[in-house]
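Structure at a glance
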Amino acid sequence: MILPKLFEERMKNLLKDEYTYFLHSYDQKHYSGLRVNTLKITPEEFENICPFKITRIPWIENGYYYSGNEQPARHPYYHAGLYYIQEPSAMTPANLLPIEPGDKVLDLCAAPGGKSTELAAKLKGEGLLVANDISNSRAKALLKNIELFGVPNAVIVSETPAKLANYFEGYFDKILVDAPCSGEGMFRKSPSIMKNWEQYGVDYYNKLQKEIILFAAKMLRPGGKMLYSTCTFSPEENEGTIKYLLENCPEFHVLNPIEHKTNKEKVSYEGFSYGKPEWVDGTEELKNCIRLWPHKIHGEGHFITLLEKYSSQEKDSSIGKINHGSLSGEADEFMSHLNIEWDPKQIDIREDKLYLYPKELPAIKGLRIMRPGLFLGEMKKNRFEPSQALASSLKISEYNQTINLSAEDPDTIKYLKCETIEVSGDYKDGWQLICVDGYPLGWGKLTGQTLKNKYLPGWRWM
Ligand SMILES: C[S@@+](CC[C@H](N)C(=O)[O-])C[C@H]1O[C@@H](n2cnc3c(N)ncnc32)[C@H](O)[C@@H]1O
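Rules used throughout
- Residues numbered from 1 in each chain as written.
- Predicted model: local features only at pLDDT ≥ 70, side-chain atom pairs only at ≥ 80, totals over all residues.
- Heavy atoms only, no water.
- Phe/Tyr/Trp six-rings, centres within 6.5 Å; stacked < 30°, edge-to-face > 60°.
- Helix = DSSP H or I, 4+ residues; strand = E, 2+ residues; numbered from the N terminus.
- Buried < 20%, exposed > 50% of the residue type's maximum accessible area, 1.4 Å probe, protein only.
- Lys NZ or Arg CZ within 6 Å of the ring centre and 35° of its normal.
- Near = heavy atom within 4 Å.
- Polar contact = N/O pair within 3.5 Å; in protein donor to acceptor, adjacent residues only side chain to side chain.
- Areas by Shrake-Rupley, 256 points an atom, 1.4 Å probe, with all protein chains shown as cover.
- UniProt positions renumbered as here; feature names shortened; annotations may be inferred.
- Domains from an automatic or database assignment.
- Contact = heavy atoms within 4.5 Å.
- Buried area = accessible area lost by both parts, 1.4 Å probe.
- Salt bridge = Lys/Arg side-chain N within 4 Å of Asp/Glu carboxyl O.
- Nonpolar A, V, L, I, M, F, W, Y, C, P; charged D, E, K, R; others polar.
- Pairing = 2+ DSSP bridges.
- Axes fitted to C-alpha atoms, helices over the stretch in contact; angles between N-to-C directions.
- pLDDT = per-residue confidence, 0-100.
- Expected span 1.5 Å × (residues − 1).

1. Considerations on the packing of aromatic side chains
Inspection of every chain in the model, using the stated rule, returns 34 aromatic pairs. Geometrically, the ring pair formed by Phe22 and Phe233 is edge-to-face, given 5.3 Å between the ring centres and 85° between the ring planes. Linking Phe22 in helix 2 (residues 19-24) with Phe233 in the loop between strand 9 (220-230) and helix 10 (239-248), this pair joins segments that are 211 residues apart in sequence. There is no split in this pair, since Phe22 and Phe233 are both buried. A cation sits over an aromatic face here: Lys104 above Tyr171, 4.6 Å from the ring centre.

2. A closer look at unusual backbone geometry
A cis amide bond, omega 5°, links Ala111 with the succeeding residue Pro112. Notably, Lys16 is not glycine yet its phi reads approximately 50°, a positive angle. Its location among the elements puts Lys16 in the loop between helix 1 (5-15) and helix 2. Lys16 gets classed as exposed once you look at its relative accessible area, which sits at 60%.

3. Some points on the site of the ligand
Taken together, 17 residues form the shell around the ligand, and within it Gly114, Lys115, Asp133, Arg138 and Asp178 come nearest. The backbone of Cys109 places a nitrogen or oxygen atom 3.0 Å from a nitrogen atom of the ligand. Within the contact set of the ligand, an oxygen atom lies 2.6 Å away from a side-chain nitrogen or oxygen of Arg138. In isolation the ligand has 600 Å² of accessible area, and contact with the protein removes 85% of it. Listing elements by their share of the shell around the ligand, those giving two or more residues are helix 6 (114-123) and helix 9 (193-219).

4. Here's the deal with the UniProt feature "domain: SAM-dependent MTase RsmB/NOP-type" (unreviewed entry) in the chain
The positions UniProt marks with the feature "domain: SAM-dependent MTase RsmB/NOP-type" (unreviewed entry) are residues 22-310. Structurally, residues 22-310 is divided into 30% helix and 22% strand, and its ends, taken at the C-alpha atoms, are 37 Å apart.

5. Quick look at the domain arrangement of the chain
Considered domain by domain, the chain is made up of domain 1 (5-306) and domain 2 (399-462). Spacing between the C-alpha centres of domain 1 and domain 2 amounts to 36 Å. The interface of domain 1 with domain 2 comprises 14 residues on the first partner and 13 residues on the second. Both sides together, the interface formed by domain 1 and domain 2 hides about 1,200 Å², and carbon and sulfur atoms give 66% of it. Of all residues in domain 1, Arg74, Pro76 and His79 give up the largest surface area on contact with domain 2, accounting jointly for 47% of the area buried on that side. Seen at the junction of domain 1 and domain 2, the total is zero salt bridges. Put simply, domain 1 and domain 2 have three residue pairs in polar contact (both at pLDDT 80 or more) between them. When residues of the side of domain 1 that touches domain 2 are traced back to their parent elements, those giving at least two are helix 3 (43-49), helix 4 (76-79) and helix 7 (136-148). Looking at side-chain class alone, the side of domain 1 that touches domain 2 contains seven nonpolar, two polar and five charged residues.

6. A short note on the sheet that holds strand 23 (residues 450-453)
The sheet built from five strands is open, its strands ordered 19-21-22-23-20 with mixed pairing. The sheet is open, and its two borders are formed by strand 19 (402-405) and strand 20 (421-422), each paired with just one other strand. In this structure, strand 19 lies alongside strand 21 (residues 430-436), joined through four bridges in parallel fashion. For Leu405, the partnering residue across the bridge sits in strand 21 and is Val436.

7. Here we look at the sheet that holds strand 15 (residues 353-356)
With antiparallel pairing, four strands are arranged side by side in an open sheet as 14-15-17-18. Edge strands, defined here as strands with exactly one partner in the open sheet, are strand 14 (347-350) and strand 18 (383-386). Neighbour to neighbour, the strand axes of the sheet diverge by 25° on average, direction disregarded. As defined by bridge partners, strand 15 adjoins strand 17 (residues 374-380) across four bridges and the pair is classed as antiparallel. Of the residues in strand 17, the one forming a bridge with Leu354 is Gly377.

8. Digging into the pairing of strand 1 (residues 32-36)
Buried residues dominate strand 1, accounting for five of its five residues. Where strand 1 meets strand 4 (residues 83-85), three bridges bridge the pair, whose relative direction is antiparallel. Note that in strand 4 the partner of Leu34 across the bridge is Ile85.

9. A word on the side chain of His79
Its place among the elements puts His79 in helix 4. Look past the residues within four positions of His79 in its chain and what remains in contact with it is Ala73, Leu148, Leu416, Leu441, Tyr455, Trp459 and Trp461.

10. Remarks on the confidence of the model for the chain
Residues at a pLDDT of 70 or more form 96% of the chain, whose mean pLDDT is 93. Predicted confidence for residues 313-325 stays below pLDDT 50, and this span has 30 contacts to residues more than four positions away or in other chains.

11. Structural notes on the UniProt feature "active site" (unreviewed entry) in the chain
Here, the residues flagged by UniProt with the feature "active site" (unreviewed entry) are Cys231. Tracing the backbone shows Cys231 in the loop between strand 9 and helix 10. Residue contacts for Cys231: discarding those within four places in its chain leaves Cys181, Gly183, Glu184, Gly185, Met186, Gly301 and His302.

12. Regarding helix 7
The terminal C-alpha atoms of helix 7, which comprises 13 residues, lie 19 Å apart, in line with the 18 Å expected from a rise of 1.5 Å per residue. All buried positions along helix 7 are accounted for by Ala139, Leu142, Leu143, Asn145, Ile146, Glu147 and Leu148. Count one or two residues on from helix 7 and you reach Gly150, which has phi positive near 75°.

Right, dumping it as structure tokens:
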């Protein structure tokens, strides 16, 4: 692989004797990974039904390598939201941010949602995830992935960090800042990034990172934890940004994320490296940062830092609630088939659309919101149409009219292609939840033997 000359010189200066090993890693293939969605299935259950060959990623409990010849994105289980295709090192930031169910979590640079989907899985449906990306077009991909994963308690926002900080000062328990960066760690996987690196360089991104991390710091509650990550090697964007934060916000300190990890039994951190304070003339505590190098692990380059904000007096973080509506009769009838009890106070109707808000939802009026909670469905010509997002968020046992197909059944692909299906069997007319091997894919409306396909056209199998 031909690398930019300036990049080679910089890395040689930094790595010295190690440089040859580093360079050699560019002659090797990159690793492909997938991460199991533990909101829907356990890793053990997935291993039992997985149709392609996978091997465990040593440091990620629910992460697997698959061979580059496989196409896991072209399997019905992908459309059932059972896994996310993600580069193995990129799984690490969300894995090392210690999330507890019930936490209020912000993913500030979230699109397309690789890390948000894992943060949501760790919340187990309890608490709140605010997933934000400044780019509206990228936030649309984020929305799709959150919905495909079946996340019930996420709010999707597309705002600047500055504006969010005005709303959420001291609010979040945990924050992930997966910062925009020069992407040096991804040259092997996506060589086109080298052009971007040559065009913008390290300083452009470093300026952005310094701005973003200070706004993030403002939104963390005292005692809360924040994880900063990049997929680049440059000291300026990594230890340098953290040094800048520590100088400007002395209430922060750097933690060793591996020491703060619970349930470490199933994982191994062999090949992980630590931060280099000497590269930025920084303090000893930068040694707690984590560096992933492609010549030391089976994954690409990454940088990870876990930070804690010293707790002072606990702040009252209840910053207002939105007013809630109540259900209409038609929607009520549909809901009677659901075996779930929702608090009616969490249900809101806006312009014929029904949402289930997270319990913890703060006042967000005025922000550019892509999704204020779980979109349940909408009234169309006095009829209630359940949403794709609702189907994705359900377990098969949570709706009492289901048609369960197998992954091999040709009707499964026909369904994912939005075609009408003829069914045989004893099913009731009305809304049916269509599943593959017990995992929901979407809705269909049955009249007699004919199933009108209600799979979301934008998600259609191509
Ligand atoms: C490394 S990517 C995030 C990847 C994502 N966390 C994931 O795992 O799928 C960085 C993101 O930061 C966003 N971004 C760029 N400038 C930003 C800014 N000033 N504030 C917030 N986000 C920004 C980009 O749109 C991009 O989606």
